[in-house]
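Structural characterization, general
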Amino acid sequence: MSQTYRRKLKTLVGASSVISAANDSQPGVGITRAIELAKIAEREKITGLFTADLLQADPAGLAGTTGTQDPLIALAALSQVTSHIGLIATVSTSWLHPYNLARQVGTLDHISGGRAGWNAVTSSVGEENFGESQLPPPQERYARATEFIEVMNALYDANERAAVQRTASGGIKLDHTKLHPINYRGDYFQVAGPLNVPPPPQRRPVQFQAGQSEAGVTLGARYAEVIYTSQPTFEAAQTFVADVQQRARRFGREHNPPLIMNSFHAIIGDSDADVARRLRDKHERINYEQGRLRVADMLGGEVDLRDLPLGQPLPAAFIPELAQVHRRQGRAAIFRGYALEGLTLRQLIIKAEETGHWFVAGTPETLADAIEQRYRAGVLDVISLHGLGQPGQQDLLLNGLLPELRRRQLIDTDYVGNDFRSSLELAELTEK
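Summarised in this report is the structure supplied together with it. (Residues numbered from 1 in each chain as written. Predicted model: local features only at pLDDT ≥ 70, side-chain atom pairs only at ≥ 80, totals over all residues. Heavy atoms only, no water.)

**Observations concerning the overall build of the protein**
Each helix and strand counted, the protein has 13 helices and 13 strands in total. Radius of gyration (C-alpha) of the protein: 22 Å, near the 22 Å computed for a compact globule of 432 residues. Considered along the principal axes of its C-alpha atoms, the protein spans approximately 70 × 55 × 50 Å. A fraction of 74% describes how many contacts in the protein between residues 6 or more apart in sequence connect residues 24 or more apart. For the protein, the exposed area adds up to about 19800 Å²; of that, 49% sits on carbon and sulfur atoms. In the protein, the 45 positive side-chain charges and the 49 negative ones have mean positions that sit 3 Å from each other. (Helix = DSSP H or I, 4+ residues; strand = E, 2+ residues; numbered from the N terminus. Rg over C-alpha atoms; globule rule 2.2 N^0.38 Å. Contact = heavy atoms within 4.5 Å. Areas by Shrake-Rupley, 256 points an atom, 1.4 Å probe, with all protein chains shown as cover. Lys, Arg positive; Asp, Glu negative; His and termini not counted. Charge placed at Lys NZ, Arg CZ, Asp CG, Glu CD.)

Following this line, the structure appears as structure tokens:
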């Protein structure tokens with residue numbers, strides 16, 4: 001690939017929940033809706049479907065902290081009604097085992113024809129469901145994540161493509177001599193191998209990584225093919241990407257640094273007046289008492305903001321030092337910065353609606369300007385767009401923002417290659 005070539009901006013949307021609700025008219029409504037939206041996304045040439053996951057039913061009731069479906073099963077279902085779109089499952093390196101996950105993600109790659117990706121997170125919640133009385137400290141979680149990724153890569157790389165052949169009768173013949181052990185011995189995992197799933201079509205399903213603490217950025221710079229980060233401002237994005245690229249060079253990745261992915265939270269309106277109305281309506285719907293809990297969660301979960309006045313900044317005693325934060329250090333850094341700027345609690349609650357992500361309210365042209373700025377500056381390679389499946393926003397996404405991005409020749413108008421790795425235009429893996 002020419003070094004002067006600039007790939008088009010790659011696009012993701014969230015995969016809709018396949019779960020049926022108690023008030024649905026009949027069972028199966030969830031999967032029917034998820035299939036419909038997945039087909040729309042593929043028709044629009046969206047690069048991939050992304051699933052988040054949290055292994056906890058949050059007792060505080062904070063929106064967005066309760067996982068509602070297993071990502072791999074949901075994506076396996078959607079793989080059978082799509083043919084080109086990538087399928088990215090968020091998975092926990094703290095609570096899962098790499099051998100099992102290598103089998104599951106490898107199987108997803110097989111049944112989708114080479115469209116699987118996995119997003120490695122170290123998890124900020126859920127320890128109570130996996131035999132832990134408290135969340136392990138970040139350093140331990142990232143040390144485990146490092147070994148987890150090393151095991152996954154070793155398992156995928158060890159087996160030979162020719163290990164499995166189709167017989168004349170249509171069955172599968174496995175050559176055990178082409179499946180190789182890895183004999184991995186680490187502090188957290190001891191895995192002999194070989195992986196008993198044949199080499200996936202992509203060999204390695206595409207590896208995403210989310211985490212923007214010090215340890216998280218180092219892990220992503222070393223191993224990730226796509227780094228998922230928040231970066232609410234253009235200046236923060238520039239600083240972050242420069243840091244990632246510098247670290248990637250130290251790991252010998254000067255020619256294939258990770259792609260940078262941002263989640264783009266937006267309110268789309270068809271005029272400035274419509275945007276102002278939508279933004280006003282959004283703010284009027286905020287539950288400020290629940291918002292106090294959410295801001296506390298953004299700051300690491302160890303502060304109690306229930307009795308503080310909404311119209312005043314946080315007292316210094318309520319702003320944690322990052323070294324004391326064990327959950328979502330990267331997110332805590334963003335909200336700590338907001339608090340140190342003197343934002344009032346009310347303003348922090350409004351910011352917390354987007355959980356620290358990049359947020360823009362505007363017309364399709366305004367949003368496209370913000371996206372183009374980051375893309376042209378080289379700090380945005382993959383963008384997760386919101387609005388699909390949302391009444392009042394889907395039409396403006398499909399008939400406003402996406403056409404404007406195409407008019408500016410920023411995004412693909414068709415799929416590239418035959419698998420997800422090709423669609424992202426990642427560097428080819430070196431054959432082992």
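**Here's the deal with the pattern of salt bridges**
If you walk through the whole model with that rule in mind, you get 26 salt bridges. Across the pair arginine 43 and glutamate 44 runs a salt bridge whose closest N-O atoms are separated by 3.6 Å. Take arginine 43: its relative accessible area is 56%, and that puts it in the exposed class. Here arginine 408 and glutamate 372 are joined by a salt bridge, their closest N and O atoms 2.8 Å apart. Of this pair, arginine 408 sits in the loop between helix 12 (394-407) and helix 13 (420-423) while glutamate 372 sits in helix 11 (residues 364-376), and the two are 36 residues apart along the sequence. The residues arginine 408 and glutamate 372 share a single accessibility class, namely buried. (Salt bridge = Lys/Arg side-chain N within 4 Å of Asp/Glu carboxyl O. Buried < 20%, exposed > 50% of the residue type's maximum accessible area, 1.4 Å probe, protein only.)

**Things to note about the packing of helix 11 against helix 12**
Put simply, helix 11 and helix 12 touch, their axes get as near as 9 Å, and they point 45° apart. Taken as axis vectors, helix 11 and helix 12 run oblique relative to one another. Remark: the crossing between helix 11 and helix 12 carries right-handed chirality. Each of Pro364, Glu365, Leu367, Ala368 and Ile371 in helix 11 lies in contact with helix 12, whose residues at this interface are Leu396, Gly400, Leu401, Glu404 and Leu405. Of the residues that constitute the contact of helix 11 with helix 12, the class distribution is seven nonpolar, one polar and two charged. (Axes fitted to C-alpha atoms, helices over the stretch in contact; angles between N-to-C directions. Parallel < 35°, antiparallel > 145°, perpendicular 65-115°, else oblique. Left-handed = near helix turned anticlockwise from the far one by under 90°. Nonpolar A, V, L, I, M, F, W, Y, C, P; charged D, E, K, R; others polar.)

**Thoughts on the nonpolar core**
Within the largest apolar cluster, 65 residues are counted, with the highest numbers of intra-cluster contacts made by Leu49, Trp118, Ile371, Leu385 and Leu401. With nine residues, the top contributor of residues to this core is helix 4 (residues 138-158). Setting aside residues up to four positions removed in sequence, leucine 401 forms contacts with Ile268, Pro364, Leu367, Ala368, Ile371, Leu385 and Leu396. Ranked by size, the runner-up nonpolar core spans 21 residues in total, among them Tyr288, Val295, Ala296 and Leu308. (Core = buried A, V, L, I, M, F, W, Y, C linked by side-chain atoms within 4.5 Å.)

**Some remarks on the pairing of strand 11 (residues 259-268)**
Put simply, side chains in a regular strand alternate between the two faces of the sheet. Taking burial as the measure, the ten residues of strand 11 include nine buried ones, the bulk of the element. Each parallel crossover has a hand, and for strand 10 (residues 226-229) linked through helix 6 (residues 234-250) to strand 11 it is right-handed. When strand 11 meets strand 13 (residues 382-385), the two strands line up parallel, connected through four bridges. Its bridge partner lying in strand 13, methionine 261 is registered against valine 382. Pairing of strand 11 with strand 12 (residues 358-362) involves five bridges; the strand directions are parallel. (Right-handed = clockwise from strand over helix to strand, strands pointing away. Pairing = 2+ DSSP bridges.)

**Description of the side chain of threonine 51**
Position of threonine 51 among the secondary structure elements: in strand 2 (residues 48-51). Residues within four places of threonine 51 in sequence aside, it is in contact with Ala15, Pro71, Leu75, Ile88, Ala89 and Thr90.

**Overview of the packing of aromatic side chains**
A complete count under the given rule lists seven aromatic pairs for this structure. For the pair tryptophan 95 and phenylalanine 130, a centre-to-centre distance of 5.4 Å together with 5° between the ring planes defines the contact as stacked. Of this pair, tryptophan 95 sits in the loop between strand 3 (86-92) and helix 3 (98-112) while phenylalanine 130 sits in the loop between strand 4 (116-121) and helix 4, placing them 35 residues apart in sequence. Note on tryptophan 95: relative accessible area 11%, which makes it buried. Exposure remark for phenylalanine 130: the relative accessible area of 34% places this residue in the partly exposed category. A connected cluster of aromatic rings, assembled from ring pairs, spans Trp118, Phe148 and Phe189. (Phe/Tyr/Trp six-rings, centres within 6.5 Å; stacked < 30°, edge-to-face > 60°.)

**Regarding the pairing of strand 2**
The two faces of strand 2 match: Gly48 and Phe50 on one face and Leu49 and Thr51 on the other face are all buried. Of the strand pairs in this sheet, strand 1 (residues 10-14) and strand 2 are connected by three bridges, and their pairing is parallel. Following the sheet pairing, glycine 14 is matched in strand 2 by phenylalanine 50. Between strand 1 and its parallel partner strand 2, the chain crosses via helix 1 (residues 29-43), and the hand of that crossover is right-handed.

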